[in-house]
Amino acid sequence: MTRLSLLRGVCACALIFTLISPALAMHTLPTINVGAVTRRTTARQLPRSNAPVRAPVVASTPGPSTTAAAGSEGSDGFDSSAQQDTALGPRIKYPAPPKDMPSSSERFFTGGQVNTIPAFRPGEALEVVPGLAVTQHSGEGKANQYFLRGFNLDHGTDLALYLDGMPLNMRTHVHGQGYADANFVIPEMLAYVDARKGPYNVEDGDFSNAGTIRMQYLRKVPQGVFSTTGGAFNFGRVFGMKSWEFAGGDIFGGGEMSTYDGPWYIPNKARKINAVLRWSRGEENDGMSITGMAFANRWNATDQIPLRILDQGFSRWGSMDPNAGGDTTRFSLSGRWAQETATYWSKVEAFAMHSTLDLYQNYTFFLDHPVIGDEFRQFDRRTMFGGNAYHAFKFNLFEDKESELRVGAQSRYDSIRLGVQDSVRRMPYDTKRNDQVGEGSIALLTDIKTKWSSWLRTVVGARWDYYWGSNQGLQAYWDSPLIPGVDSPAFDPANPYRLWTGPVNSGASNAQLLSPKASVIINPWDNKTDFYLNFGRGFHSNDFRATTQRIATSELDDNGNYLAVKPQGLLSPSTGAEVGVKTKAIDKLESAATLFFINTAKENVFEGDTGDTTIARGANRIGVEFTNHYRPVSWLAFEGDVTATHARFTGFDKDQAQLFLALLQPGAFEWGAWQSNMPGNYLINTSPIVATGVVELGEATGWFGNFKYRYISPRVLTQDGFLKGPAIGTVNGRVGYRWKEGGWKLQLDVFNMFNSRSQQITYGYGSFIPTDALFQACIGALNAPTTDTICGLGQMGVHGHPIERTSWRLTFGGPLDFDPTSKLPDLTEPFQLVKFWE
């Protein structure tokens, strides 16, 4: 409570400071100048004979010289080539698209483009990336679930997320390896989103198997922005951001506060407060900045429920455990310095972050504890610090081949206290794990870009990663779980046994990996079509505790002895390759097609009875991605994207085969669980097809609207393919009006417009509820044959978290300047006749 109260004070001060900033301003802000219409950004082609590095067909990742090559700054201190946007109401200038990209699947989006499409939660703003689907299986405070290129990314296992150079993915996290909470990201403050798919860039290391998304906040705004939102299910939000000159640079501050209850019988009561304060000088590629962030969130959670209970009259909005929920905080400080000249560029980044997380969950209900239930607590306390440094030389190879050689280093260290405890009504009563983990890494990287001719470019490089760490088990004997009498002569049922594993599962470990990368970009005919070839080795790190674990923490073997566990490796490599094309051969249509392949040595799979991820065998994925953007006229645009993936495990699962044989025995066979536990190669919970369609209407001012349809195909939930999750199809819409003068905006967002009754997320595993016949048989209330195996597995079935029913949110926003001469919106203007065709 003390930390939360302090954070509320800090955030309130930041918001107040932002509001009163005009009185502190060192100069008068420029007059509002409404810019161009929001649209997908495309880097324009330069003539081949004049371009030192030919511009791509479609804009992609920002390089260090995004603005330097564009020309001088305008009178307001912003780069004259920057994209002007009115998506937030007042004019905002965003970075120009880059002039260099090495793959057909890369995309670059300005903050205005991100904010054009309605997003139900902050993480869903990332669905602007083609093929990426973002969902949620719990309360509004946990990290999202991500799906991309046939990966069920859980909370971020194989999708690397960065904000202002800071990694969001958490190593050795108690709720899942790579846990990436994007709830603290404020979409309105984004300058751009840089989306790369596959492990083809030497900058991208841990968790980048499926892709890497780098988000960057704005450095300043010509005019302050505020908005207030109210909506269904007690949704409320207030947001503001503003910048002003200070100490030879610019201070940029922003913050938000929000509440949300949701349609659930037990309200979410999500309460979030969030603030950002930055001082910067110069530009991103030639300047410096210092940024502080503070964030706190607490919520109740309606987790997934067994769908079989709906046939018994249980509401889809109900909760199996009214005590589920959690709270989290995050504080960070980061800095950046960059310099660029005609012959070289340099960049140095440093960051420090402290976060806390407490989760109370119950996924199996009464499987392990038939009387008091299976509620458990997960806690994570971590301090992370690190930095990145890059330097690049521009030179001519073989006298006339324009080249750029980049060298760099990355480092990171996490000090983590994490654990899992059984609990009742949020009161822990034993400790399964309590660990102090220190995990560090360092990477050295280099690549060289060469323009061999007007139609051929290459990028070749490699990175070397070294990881090390130690784990100290802090589990006390008297806090360890109680094991009741075991059917063995060695145990007395009257004397329960404690499963004390902490000291045995301590230790140290290290690993290293060399990852080569290569890209080829070909333009054989004209400057409207590019072909791409990419290859790279990637990896994700594994939970460090798995590298030192020798015995199981929650079960014994059949003889009542400790169950031996094989330690896992610290780094799990992958190999990726893709071939693709981007074209603008058809006027006003931008298209890209990519064929990709990914092989992983190990997979991380969600495990329902622990709420964590487990390390499974490797897998192969092969797929195709097709994206299109068409703007026939200035006020109308269409976006259509589809990704189809075939994903399968490799090898044979011996443990699953043993479980299957045990379920065929008398006393287990009759309950039918063998049907969903046969050994197979289906990759669990991966989406064969993800598709998105978007229609955008309107100009920079006046009436506007857009509609987005997102489709996620049915998914297999068990490796034999017996249990399946339903398809997910939702339509979100937005309609609004931007005033011609003053930068005012009014908009209405409607989510799940057609009230889809599908599930946001589904899982297939075993659990118990009191009405299950198998549960009654296992506790002796029903005279029916059972075995220890079937009672330990539970009633197999699909568990899901429903999509929220149709809801709305109304937002009013405008300039934050408190200038008494500012013109208020003319309320009759929206009702004047609009002629888009003129």
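In the block above lies the structure referred to throughout.
Owing to the predicted nature of the structure, the values given are computational and were not obtained by experimental measurement. (Residues numbered from 1 in each chain as written. Predicted model: local features only at pLDDT ≥ 70, side-chain atom pairs only at ≥ 80, totals over all residues. Heavy atoms only, no water.)

1. Digging into the overall build of the protein
Line of reasoning, step 1. Looking only at helices and strands, the protein features seven helices and 41 strands.
Line of reasoning, step 2. A separation of at least 24 residues holds for 70% of the contacts in the protein among residues at least 6 apart in sequence.
Line of reasoning, step 3. By element, 60% of the accessible surface of the protein is carried by carbon and sulfur atoms, the whole surface being about 32,000 Å². (Helix = DSSP H or I, 4+ residues; strand = E, 2+ residues; numbered from the N terminus. Contact = heavy atoms within 4.5 Å. Areas by Shrake-Rupley, 256 points an atom, 1.4 Å probe, with all protein chains shown as cover.)

2. Notes on the side chain of R171
Line of reasoning, step 1. Locating R171 in the fold gives a position in the loop between β8 (166-167) and β9 (190-197).
Line of reasoning, step 2. In this structure the side chain of R171 is engaged in a polar contact, spanning 3.4 Å, whose partner is the side chain of D206.
Line of reasoning, step 3. Once you skip the residues sitting within four places of it in the chain, R171 turns out to touch Q177, D206, F207, R382, R412, D414, I416, E439, G440, S441, Y467 and S541. (Polar contact = N/O pair within 3.5 Å; in protein donor to acceptor, adjacent residues only side chain to side chain.)

3. Things to note about the sheet that holds strand β7 (residues 159-163)
Line of reasoning, step 1. Here we have five strands laid out as an open sheet, ordered β3-β9-β10-β7-β8, and mixed in their pairing. Every interior strand has two partners, whereas the edge strands, β3 (107-110) and β8, have only one.
Line of reasoning, step 2. In this sheet, strand β10 (residues 211-217) lies alongside β9 in antiparallel orientation, the contact comprising seven bridges. Each bridged residue has a counterpart across the sheet, and for V193 the counterpart in β10 is M215. (Pairing = 2+ DSSP bridges.)

4. Re the packing of aromatic side chains
Line of reasoning, step 1. Using the criterion set out here, one finds 22 aromatic pairs in the structure.
Line of reasoning, step 2. Ring centres 6.1 Å apart and planes at 15° place the aromatic pair W464 and Y466 in the stacked group.
Line of reasoning, step 3. With relative accessibility at 30%, the residue W464 sits in the partly exposed group.
Line of reasoning, step 4. A residue is classified by how much of its surface remains accessible, and Y466, at 27% relative accessible area, is partly exposed.
Line of reasoning, step 5. On the basis of an interplanar angle of 85° and a centroid distance of 5.6 Å, the ring pair of Y477 and W500 is categorised as edge-to-face. Of this pair, Y477 sits in the loop between β22 (456-473) and β23 (482-483) while W500 is found in the loop between β24 (497-498) and β25 (507-522), placing the two residues 23 residues apart along the sequence.
Line of reasoning, step 6. Site record: aromatic cluster; members linked through ring pairs are F120, F235, Y260 and F751.
Line of reasoning, step 7. Over the face of the ring belonging to F704 we find R738, whose NZ or CZ atom lies 4.0 Å from the ring centre.
Line of reasoning, step 8. For R805, the ring lying beneath its charged end belongs to W317, and the centroid distance is 5.1 Å. (Phe/Tyr/Trp six-rings, centres within 6.5 Å; stacked < 30°, edge-to-face > 60°. Buried < 20%, exposed > 50% of the residue type's maximum accessible area, 1.4 Å probe, protein only. Lys NZ or Arg CZ within 6 Å of the ring centre and 35° of its normal.)

5. With respect to the environment of A342
Line of reasoning, step 1. With respect to the helices, strands and loops of the structure, A342 is situated in the loop between β17 (325-340) and β18 (344-361).
Line of reasoning, step 2. Put simply, A342 and K394 are 52 residues apart on the chain and 7.8 Å apart in space, counted from C-alpha to C-alpha.

6. Some details on the state of the cysteines
Line of reasoning, step 1. Evaluation of the coordinates by the stated rule reveals one disulfide.
Line of reasoning, step 2. Each sulfur of the disulfide joining C778 and C791 lies 2.0 Å from the other. Taking the sign of the torsion about the S-S bond as the criterion, the disulfide between C778 and C791, at about -95°, is left-handed. Linking C778 in helix α6 (residues 773-778) with C791 in helix α7 (residues 788-793), this pair joins segments that are 13 residues apart in sequence.
Line of reasoning, step 3. On the accessibility criterion, C778 (26% relative accessible area) is partly exposed. (Disulfide = S-S within 2.5 Å.)

7. So, unusual backbone geometry
Line of reasoning, step 1. Even without a glycine there, the phi angle at F365 is positive, about 70°.
Line of reasoning, step 2. Locating F365 in the fold gives a position in the loop between β18 and β19 (376-397).
Line of reasoning, step 3. For F365, a relative accessible area of 1% corresponds to the buried category.
Line of reasoning, step 4. One non-glycine residue, N752, lies in the positive phi region at around 50°.
Line of reasoning, step 5. Within the fold, N752 resides in the loop between β38 (745-751) and β39 (759-767).
Line of reasoning, step 6. Here N752 falls in the buried class, since its relative accessible area comes to 5%.

Just distances and angles here, no functional claims.
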